[in-house]
Amino acid sequence: MNLYNIHTHKISASGNDYNEICVLNTYPEDFYAKRTDSPDVWYSCGIHPWYIKEIESDMDLLAKIVKDNRVVAVGEAGLDKLQGSDLDIQTEVFRNQIELAEENNKPLIIHCVKAWEELIALFKEYKTDVPWVIHGYRGNAEQTKQLSKIGFKFSIGERFNAESLKYIPLESIFCETDMSESSICQVYNSVSEVLDMDFCQFAEIIEENIDENFKILTK
């Protein structure tokens with residue numbers, strides 16, 4: 001059985017009963033080193049709002065990296081009102097990455113903290129068919145209803161709002177470990193239990209979502 005971990009900062013060993021297919025998060029400055037160390041995994045690469053440095057040179061490098069056939073998503077990228085650069089600078093860098101995701105037809109992995117109105121406004125402005133996946137999603141039920149209706153997708157990790165899960169369409173859900181010590185199997189198990197769904201049935205749904213949005217991972 002394949003279990004898909006669409007956002008992680010470390011590669012873990014798969015369990016005996018499943019094969020973990022992970023997307024390792026990288027930044028432009030460390031991508032090539034990680035690509036050399038782990039040539040057989042998949043990657044996302046982006047400029048995190050906490051780590052904005054040299055915008056022009058970093059974007060030039062990212063534009064080259066995103067064309068790599070092992071890079072399946074742009075990000076994590078986004079907006080954070082509690083940490084990082086000035087919001088105007090974050091927005092400029094995020095816009096650049098939205099457009100890069102569109103140009104390469106690759107999903108966008110999103111980091112968002114206290115900037116939901118701004119994120120929604122950008123989503124409505126771009127009206128793109130590229131999936132926007134909010135990683136590590138823990139929003140409340142009302143927020144989840146709003147974001148689901150608009151068309152966002154959600155990646156659920158070790159910590160999540162159980163009440164909100166029922167408002168996420170099954171075709172819009174993914175799983176991740178991010179920086180936690182939990183295995184992707186544990187995350188699948190926790191989410192499937194809250195949804196009152198058989199583990200294998202839930203795994204099949206995730207695989208269908210991966211096939212629809214991250215097609216290369218199921219080839």
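Residues numbered from 1 in each chain as written. Predicted model: local features only at pLDDT ≥ 70, side-chain atom pairs only at ≥ 80, totals over all residues. Heavy atoms only, no water.

- Per an unreviewed UniProt entry, the chain goes by the name TatD DNase family protein and belongs to Dysgonomonas hofstadii.

**Let's talk about the overall build of the chain**
- Counting secondary structure elements, the chain contains eight helices and eight strands.
- With the C-alpha coordinates aligned to their principal axes, the bounding extent of the chain is approximately 45 × 40 × 30 Å.
- Taking all 219 residues of the chain together, the buried fraction comes to 52%.
- Residue pairs in contact within the chain that sit at least 24 positions apart in sequence constitute 58% of those at least 6 positions apart. (Helix = DSSP H or I, 4+ residues; strand = E, 2+ residues; numbered from the N terminus. Buried < 20%, exposed > 50% of the residue type's maximum accessible area, 1.4 Å probe, protein only. Contact = heavy atoms within 4.5 Å.)

**Quick word on the pairing of strand β7 (residues 153-156)**
- Side chains of β7 alternate between two faces, with K153 and S155 and F154 and I156 buried alike.
- With two bridges connecting them, strand β6 (residues 132-134) and β7 associate as parallel partners. Among the inter-strand pairings, I134 is bridged to a residue of β7, identified as F154.
- Between the parallel pair β6 and β7, the chain is carried across by helix α5 (residues 141-150), and the sense of this crossover is right-handed.
- Across three bridges, β7 lies against strand β8 (residues 173-175) in parallel orientation. Bridging across to β8, F154 finds its partner in I173. (Pairing = 2+ DSSP bridges. Right-handed = clockwise from strand over helix to strand, strands pointing away.)

**Some remarks on unusual backbone geometry**
- Going from G75 to E76, the amide bond is cis rather than trans, its omega being 20°.
- Along the polypeptide, E76 turns up in strand β4 (residues 71-80).
- Even without a glycine there, the phi angle at K127 is positive, about 45°.
- On the accessibility criterion, K127 (72% relative accessible area) is exposed.
- If you check the backbone angles, D178 has positive phi at about 55° while not being a glycine.
- With respect to the secondary-structure elements, D178 resides in the loop between β8 and α7 (184-194).

**Overview of the pairing of strand β5 (residues 108-113)**
- With five of six residues buried, β5 is to be regarded as a mostly interior element.
- Here β4 runs beside β5; their pairing, made up of five bridges, is parallel. Across the sheet, the residue bridging to G78 is H111, located in β5.
- The parallel pair β4 and β5, bridged by helix α3 (residues 87-104), forms a crossover whose chirality is right-handed.
- The sheet contact formed by β5 and β6 spans three bridges and is parallel. By the bridge assignment for β6, I110 is matched with I134.

**Description of empty space enclosed by the protein**
- Counted under the stated rule, the structure contains one cavity of 30 Å³ or more.
- Put simply, the largest cavity is a space of about 40 Å³.
- Lining the largest cavity are Y27, P28, E29, G46, I47, H48, Y51, K53 and D58.
- Residues that form the lining of the largest cavity fall into these classes: four nonpolar, two polar and three charged. (1 Å grid on protein atoms, 1.4 Å probe; cavity = no way out; pocket = protein on both sides within 12 Å on 5 of 7 lines; lining within 4 Å. Points joined across faces, edges and corners; volume = space filled by probe spheres on them. Nonpolar A, V, L, I, M, F, W, Y, C, P; charged D, E, K, R; others polar.)

**As for the pattern of salt bridges**
- Counted under the stated rule, the structure contains eight salt bridges.
- Measuring nitrogen to oxygen at the nearest pair gives 3.6 Å for the salt bridge that ties D30 to K34.
- Look at K34 and you get partly exposed, because its relative accessible area is 25%.
- R95 serves as the salt-bridge partner of E125, at 2.8 Å between the closest nitrogen and oxygen. Of the two residues, E125 is situated in helix α4 (residues 116-126) and R95 in helix α3; the sequence distance between them amounts to 30 residues.
- Among the residues examined, R95 registers a relative accessible area of 27% and is labelled partly exposed. (Salt bridge = Lys/Arg side-chain N within 4 Å of Asp/Glu carboxyl O.)

**Some remarks on the packing of aromatic side chains**
- This structure, assessed with the given rule, holds 13 aromatic pairs.
- Here F123 and W132 contribute two aromatic rings whose centre-to-centre distance is 5.0 Å and whose plane-to-plane angle is 85°, an arrangement assigned as edge-to-face.
- Three or more aromatic residues joined by ring pairs form one cluster here, namely F94, F123, W132 and F152.
- It is R70 that lies over the ring of W42; its NZ or CZ is 3.6 Å from the centre. (Phe/Tyr/Trp six-rings, centres within 6.5 Å; stacked < 30°, edge-to-face > 60°. Lys NZ or Arg CZ within 6 Å of the ring centre and 35° of its normal.)

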